Each structure stands twice: as structure tokens, then as C-alpha cells.
Amino acid sequence: MRITPAFRQITITYKNNKYLNMKLVKFILVGFIFGIVLTKSEAVSWYRIYEMFQFQSFHMYGIIMVAVLTGIIGIQIIKKYNLKDYSGTPIHIADKEPSTVRYLLGGVIFGLGWALVGSCPGPIFILIGAGFTTVILVLVGALLGTFLYGVLKDKLPH
Amino acid sequence: MELIYHIWSWYISGFIIGLIMLSLIYFGKHFGMSSNLRTLCSLAGAGKKIAFFNFDWKSQRWNLAVVAGAMLGGFVATHYLSDPSNVSINPKTIAQLQTMNIDAPQGKLMPDALFSNAVFESPKAIMILIIGGILIGFGSRYAGGCTSGHAISGLSNLQLPSLIAVIGFFIGGLIMAHFILPLIV
């Protein structure tokens, strides 16, 4: 295949353009698929979250179980064969710091919010993209909550 | 085509979500959506006053790119890949919601009672959404992750802390859905 000088020039311009960073394109693509799957599986739906917490459908539990199962198998393969990432660096997945208080308390607080507005951080962004203007209020709250944690961090038991 | 327009099955959706997490690991990153909230706080200048937000947010640009893609995906899926058969939840759930005056889905992803634009005229409804957001933002940072970081990434890596966090998610969620929600909606 012959690459014309003009095309080569365009490629170089793209690579050097710090505003249109081509390295980010693959992440936009991964996010795009994530947004479609979460919408089409209806995991972004307030109704599905409510139904899940009422134990009236297997759907959400099925999604989480298969996702985790796929992840476990994938990570076991990565570890067994010491696989490298796309840049050639050996993959290392950091362990979470051991503790109970922060995970349990933080988890309960998160769960209260999750069941109230029916969306976790991923779906908040996906729903705003889908055009649900009122979800911007949830995002504002989530930013406030994150900020509040930053302020109180050192006073909380971890 | 029905396969695309109707709801996607739990096994296909779950499998793709697992692959999304693995692909981010392959790209040298990790799957976690709530960290973006911290990045956005830092981007807005919170790092000048509070150390927790004082980090180079540009190192997190890749995750903001995931967010941008997710928003675009949400737009495409709701506007071009949906049909009225969607969100057919359990009739029992619908009946239960009716007693709380929450409308049935009928193809909608979100109930009008909580998310229609009429919310902007009701201080109570505004507060519900903002407080829900605060709990999500505060809780996910305190727990060090949300559904993606703990339930998917953490459990996939067999992390005990993530299991504790997920148990917490469900304790909080069950308390809200069964005891608090009926009182406030």
C-alpha cells in the first residue's frame, strides 16, 4: 500500500497535535461501547436498579455475575502467562489496601445513593449524554459529595 | 435487527462489560468511573485548597476520554437503538411503584416522577436528586471505588476489600429501596 506524502503529513500532524491526542481515541471507543452496552442492557435504568433491590428480576444480577466471571478468567490468564500490556510493560494489578471500616461505611453510603437515584457514576454520565437533563442535578450532587470527602478525609475512620 | 433494538441479554452484556474492563487493563489502565468525579473537582480548581484534589489531572485524561465516549454511546443507544419494548420490568414491580405514584416504564429508561423536566419546578424533587448524588460521590470516594472499580474490577481480581464494599453497596441499597424510598417519594 502506498502512502501519499499528503497522508503522511496528516498523520504526523495528528500525532503531534496535543489538542487532538490520537492516544485518546481508543479510550473514547472503549467508553462508547460501554455507554451502548449499559444503555441497551438497561443497567442505566432507575427501574432496573429498583427491581434488582426488590429481588424481582435476575437480569442485573446476571450482568454483574457474568462480567465478574469474565474478569476473573481474564485476570487469571494475565497472571498465569505474565502477559504484557499494549506498550510491552508487564501487567501489574495493584491490590486494594486492607481495611474494613472505609469499605463498609463508604459502601453503605454509596448504596443508599445508588438505590435512591438509580445510577452509579458511569450511568450518571451516560444518562446525561442520552439527554436526561435532570441527571445533571445528580452529577452536581456527586461532585459535591466527592468534594466533601476531600474536605473531611482526614477526620474519617479509614 | 430485533437483537439490537430489544433489551440486550444479561449474558452478552455482562460478557462485554468484562471485556471492557480487561481492555482497559491491556491499555495499561484500570476500569473505574468514580475517579472521574475527583478529576473533575481537581480540574475545577479544588486542588488549590484541598490536598486530596492536588494532583496532575492531565494524567487522568484517558479516563475523561472514556467518559466522553460513554456519553456519546448513551446518546446513540437511546436515540437510534431503542424501541417501545424496552424496560419491560416485572409487573409486580410496576404495581409496587404505582402505590408510590411512580409511573410505569412503557419504554422509558427513567420514571417521569423523578426525572422529567418538571423536577426543576419542585424543590423536593431537586433535593432528592442532589442528595442522591452527594451520597454516591461521597460514598464512592470513601469506599475507594464504585460499581465499576469494586464490583467489577475488584471482585474480578478476588479482592476482599471489594467484596466488603459490594456488601456495603447492597446493605445501603436494600435499606433505601425497602425502607426510605417509600417514605420520601
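In this report, the structure presented in the accompanying data block is examined.

Let's shift gears to the overall build of chain A. Scanning chain A from terminus to terminus reveals seven helices and zero strands. Going from N to C terminus, chain A has its helices and strands arranged as α-α-α-α-α-α-α. Of all 158 residues assigned to chain A, the portion counted as buried reaches 48%. Within chain A, residue pairs in contact and separated by at least 24 positions form 41% of the contacts whose partners lie at least 6 positions apart.

By a frequent convention, interface size equals the accessible area lost on bringing the separate parts together. Each partner contributes residues to the interface: chain B has 109 residues there, and chain A has 101 residues. In terms of residue class, the side of chain B that touches chain A is made up of 73 nonpolar, 32 polar and four charged.

Taken N-terminus to C-terminus, the directions of helix α2 (residues 25-40) of chain A and helix α4 (residues 61-80) of chain B make an angle of 40°; their axes are 6 Å apart at the nearest point. Looking at the two axes, α2 of chain A sits oblique to α4 of chain B. Regarding α2 of chain A and α4 of chain B, the two cross each other, and that crossing is right-handed. Across the contact of α2 of chain A with α4 of chain B, the residue classes break down as 18 nonpolar, seven polar and one charged.

Attention shifts here to the environment of P182 of chain B. Structurally, the position occupied by P182 of chain B is in helix α9 (residues 160-184). Assessed through the 12 C-beta atoms surrounding it within 10 Å, P182 of chain B is described here as exposed.

Okay, the packing of helix α5 (residues 101-117) of chain A against helix α7 (residues 123-143) of chain B next. The description of two packed helices rests on the angle between their axes and on the distance between the axes. Running from N to C, α5 of chain A and α7 of chain B cross one another at 155°; their axes reach a closest spacing of 7 Å. With respect to their mutual orientation, α5 of chain A and α7 of chain B come out roughly antiparallel. Considering only the axes of α5 of chain A and α7 of chain B, their crossing is left-handed. Between α5 of chain A, through R102, Y103, L105, G106, G107, I109, F110, L112, G113, W114, L116 and V117 of chain A, and α7 of chain B, the contact on the second element is made entirely by I128, L129, G132, G133, L135, I136, F138, G139, S140, Y142 and A143 of chain B. Here the contact of α5 of chain A with α7 of chain B is built from residues that sort into 15 nonpolar, seven polar and one charged.

Residue and element names in this part refer to chain B. Checked against the element boundaries, W8 lands in the loop between α1 (2-5) and α2 (10-26). Taking the C-beta count within 10 Å as the criterion, W8 has 23 such neighbours and is therefore assigned buried. Sequence separation between W8 and L109 is 101 residues; the distance between their C-alpha atoms is 14 Å.

Residues and elements named next belong to chain B. For α7, built from 21 residues, the straight-helix expectation of 30 Å at 1.5 Å per residue is met to within 8% by its first-to-last C-alpha distance of 30 Å. Across the 21 residues that make up α7, a large majority, 15, are buried. In the stretch just after α7, G144 is the one whose phi turns positive, near 75°.

Parameters at a glance
- Residues numbered from 1 in each chain as written.
- Chains lettered and ligands numbered in written order.
- Predicted model: local features only at pLDDT ≥ 70, side-chain atom pairs only at ≥ 80, totals over all residues.
- Helix = DSSP H or I, 4+ residues; strand = E, 2+ residues; numbered from the N terminus.
- Buried ≥ 20, exposed ≤ 12 C-beta atoms within 10 Å, placed from the backbone.
- Contact = placed C-beta atoms within 7 Å.
- Nonpolar A, V, L, I, M, F, W, Y, C, P; charged D, E, K, R; others polar.
- Axes fitted to C-alpha atoms, helices over the stretch in contact; angles between N-to-C directions.
- Parallel < 35°, antiparallel > 145°, perpendicular 65-115°, else oblique.
- Left-handed = near helix turned anticlockwise from the far one by under 90°.
- Expected span 1.5 Å × (residues − 1).

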